Amino acid sequence: MEKDFNMERYLSNGVEKIVKNALKASLSNPRESIFMGKYALASKKATEKRRSAEERGEHIPPFLIASITSNCNLHCAGCYSRANHACKDCAPVDQLTAEEWKKIFDEANDLGIGFILLAGGEPFIRRDIISIAAKTPEILFPIFTNGTMVDEEYLKLFDKNRNLVPILSIEGGEETTDNRRGKGVYEKLNTSMKQMKDAGVLFGASVTVTTENMKEVLSDEFVNEMYAKGAKAVIYVEFVPVTEEAKHLAPGDDEREFMKNELMRLRMEHDDMVLISFPGDEKTSGGCLAAGRGFFHINSHGGAEPCPFSPYSDLNVKEIGLRGAMNSPLFKEIQAQELLMEEHAGGCVLFERREQVEAILASENR
């Protein structure tokens, strides 16, 4: 394990290291192993497609984040999605259909994108889109869910289609989780994890890391507990403060250094699990990976955004496709002004520099 973990290499090179680790993690389950072996080949082909494009002067990011719905059944404390009005309780209006998402997934496959994170809102609300994603086995779809809507139909879908990988959100123990997500959510998560483990479904966990739960969720006890519950991956997402009152919860330089060192240790001690930090140590990755550099975000209406924490869009993939979105003037100007390389206090540099992003967008519309 290298001294400075480089998230860009970890994700950009066809997600090859993730696949290798996931293959190790799945050896106890023959069906998982067979799928991961096939996906490893698909991932290699995707890498070759992106390398060929790079030689032609076209940069293809290795993964995408797709928010397939703006609806959610929970009201988590400090939710950035509700704070920027991307998440609502009302009925969906003008959101992309399952067929429109299928076109996006097919184009992603053609371009060599092998990894699409499905988010929301609560993505389990859109069973139709998740069922469509299952039909593109060359792409791995981690589904970031609050874990409260797992049912028998979903268990059968995940068992049959191993490219769908539920990632259940948890904040640590029962008290920490329920304080943020609502009373009884931790118990429901435990039930969902047990159901998935009993069904032999590949799944992982996602943790929003704050200054308050950092030591708990980066402990051997927590990782061992997740492994015992059946999780093969833990994805750590730095908290982004959406209000002034919440700024103290955002990891600072000292906390990020602690996080980097603990993750390095945990990866060495738990090499049969996939442990990812997002956005990770940006210094070793040469800056933030958003705005098409390593990924970009597609909102539920098809708008191409730099990332979920930077909900600004000048193009819609429904109209111009993924290749067109990758040439977004907004993305190019964000990169040209080197906003992705700047120091910042929270988990997202573009969220902190949102006024500058808004100014770029405004200048486009003049």
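Keep in mind that what you see is a predicted model, and the values were worked out from it rather than measured.

A. Examining the overall build of the protein more closely. For the protein, the count of helices and strands is 16 helices and nine strands. Here the protein holds 366 residues, and the buried ones make up 58% of them. Excluding contacts between residues fewer than 6 apart, the proportion of contacts in the protein whose partners are at least 24 apart in sequence is 71%.

B. Seen up close, a negative patch on the surface. A contiguous patch of negative charge on the surface is contributed by E174, E175, E187 and E216. With respect to the secondary-structure elements, E216 resides in helix α10 (residues 214–217). On the accessibility criterion, E216 (32% relative accessible area) is partly exposed.

C. The confidence of the model for the protein, seen in detail. Looking at the protein as a whole, the pLDDT averages 84, with 82% of positions reaching at least 70. Note that residues 1–8 has pLDDT below 50 and, in this model, 24 contacts with residues that lie over four places away or in other chains.

D. Expanded view of the environment of E352. Tracing the chain through its elements places E352 in helix α15 (residues 349–352). Expressed as a C-alpha distance, the spacing of E352 and F309, which sit 43 residues apart in the sequence, is 9.3 Å.

E. Spatial organisation of the packing of helix α8 (residues 174–181) against helix α9 (residues 185–199). Between α8 and α9, the shortest axis-to-axis distance is 8 Å and the interhelical angle comes to 115°. What the angle tells us is that α8 and α9 run roughly perpendicular. Of the residues in α9, those touching α8 at E174, T177, D178 and R181 are V185, Y186 and L189. Residue composition of the contact of α8 with α9, by class: three nonpolar, one polar and three charged.

F. Looking closely at the pairing of strand β2 (residues 115–119). In terms of burial, β2 is largely enclosed, as five of its five residues are buried. Of the two faces of β2, the one holding F115, L117 and A119 and the one holding I116 and L118 are both buried throughout. Where strand β1 (residues 63–67) lies against β2, five bridges are found, and the strand directions are parallel. Across the sheet, the residue bridging to L64 is I116, located in β2.

G. The arrangement of the pattern of salt bridges in detail. Taken as a whole and assessed by the stated rule, the structure comprises 17 salt bridges. A salt bridge links K102 to D106; the shortest N-O distance between them is 2.8 Å. With K102 and D106 both in helix α5 (residues 98–111) and four residues apart, the pair spans about one turn of that helix. Using a relative accessible area of 29% as the deciding quantity, one classes K102 as partly exposed. The partner of R181 in a salt bridge is E171, and the shortest N-O contact between them spans 2.6 Å. Here R181 is found in helix α8, whereas its partner E171 is found in the loop between β4 (164–169) and α8, with ten residues between them in sequence. Three or more residues are tied together by salt bridges with common partners; here these are D220, E262, R265 and E269.

H. Local environment of the packing of helix α14 (residues 329–336) against helix α16 (residues 354–364). Interhelical geometry of α14 versus α16 gives an angle of 130° and a closest axis separation of 10 Å. Judged by the angle between their axes, α14 and α16 are oblique. In this structure, α14 crosses over α16, and the sense of that crossing is right-handed. In this structure, α14 uses P329, L330, E333 and I334 to contact α16, whose residues at the interface are V357, I360, L361 and E364.

I. Broad picture of the packing of aromatic side chains. Summed over all chains, the structure comprises eight aromatic pairs. Seen in terms of ring centroids, F105 and F141 are 4.9 Å apart; in terms of plane orientation they differ by 65°. Their pairing is edge-to-face. Taken together, the residues span a long stretch of sequence, with F105 in helix α5 and F141 in strand β3 (residues 141–145) at a distance of 36 residues. A residue is classified by how much of its surface remains accessible, and F141, at 0% relative accessible area, is buried. Three or more aromatic residues joined by ring pairs make a cluster, and in this case those are F63, F115 and F295.

J. Structural context of the nonpolar core. Counting 105 residues, the largest nonpolar core has F105, I116, L118, I130, Y236 and L322 as the members making the most contacts within it. Sort the elements by how many residues they give to this core and α5 lands first, with six residues. In this view, L322 contacts L64, I104, E107, A108, L111, I113, F296, I298 and V317; residues no more than four positions away in its chain are not counted.

K. Structural detail: the environment of L202. Residue placement: L202 occurs in the loop between α9 and β5 (204–209). As for L202 and A231, which are separated by 29 residues in sequence, their C-alpha atoms are 7.3 Å apart.

L. Region of the structure containing unusual backbone geometry. A cis amide bond links G120 to the next residue, G121, at an omega of 15°. Considering the arrangement of structural elements, one finds G121 in the loop between β2 and α6 (127–133). Of note in the backbone geometry, A291 takes a positive phi value of approximately 55° without being a glycine. Residue position: A291 is located in the loop between β7 (274–278) and β8 (297–298). Judged by relative accessible area, A291 falls into the buried class, the value being 1%.

Parameters at a glance
Residues numbered from 1 in each chain as written. Predicted model: local features only at pLDDT ≥ 70, side-chain atom pairs only at ≥ 80, totals over all residues. Heavy atoms only, no water. Helix = DSSP H or I, 4+ residues; strand = E, 2+ residues; numbered from the N terminus. Buried < 20%, exposed > 50% of the residue type's maximum accessible area, 1.4 Å probe, protein only. Contact = heavy atoms within 4.5 Å. Patch = residues over 30% accessible without salt bridge, like charges linked within 9 Å, V, L, I, M, F, W, Y side chains within 5 Å. Areas by Shrake-Rupley, 256 points an atom, 1.4 Å probe, with all protein chains shown as cover. Salt bridge = Lys/Arg side-chain N within 4 Å of Asp/Glu carboxyl O. Lys, Arg positive; Asp, Glu negative; His and termini not counted. Charge placed at Lys NZ, Arg CZ, Asp CG, Glu CD. pLDDT = per-residue confidence, 0-100. Axes fitted to C-alpha atoms, helices over the stretch in contact; angles between N-to-C directions. Parallel < 35°, antiparallel > 145°, perpendicular 65-115°, else oblique. Nonpolar A, V, L, I, M, F, W, Y, C, P; charged D, E, K, R; others polar. Pairing = 2+ DSSP bridges. Left-handed = near helix turned anticlockwise from the far one by under 90°. Phe/Tyr/Trp six-rings, centres within 6.5 Å; stacked < 30°, edge-to-face > 60°. Core = buried A, V, L, I, M, F, W, Y, C linked by side-chain atoms within 4.5 Å.

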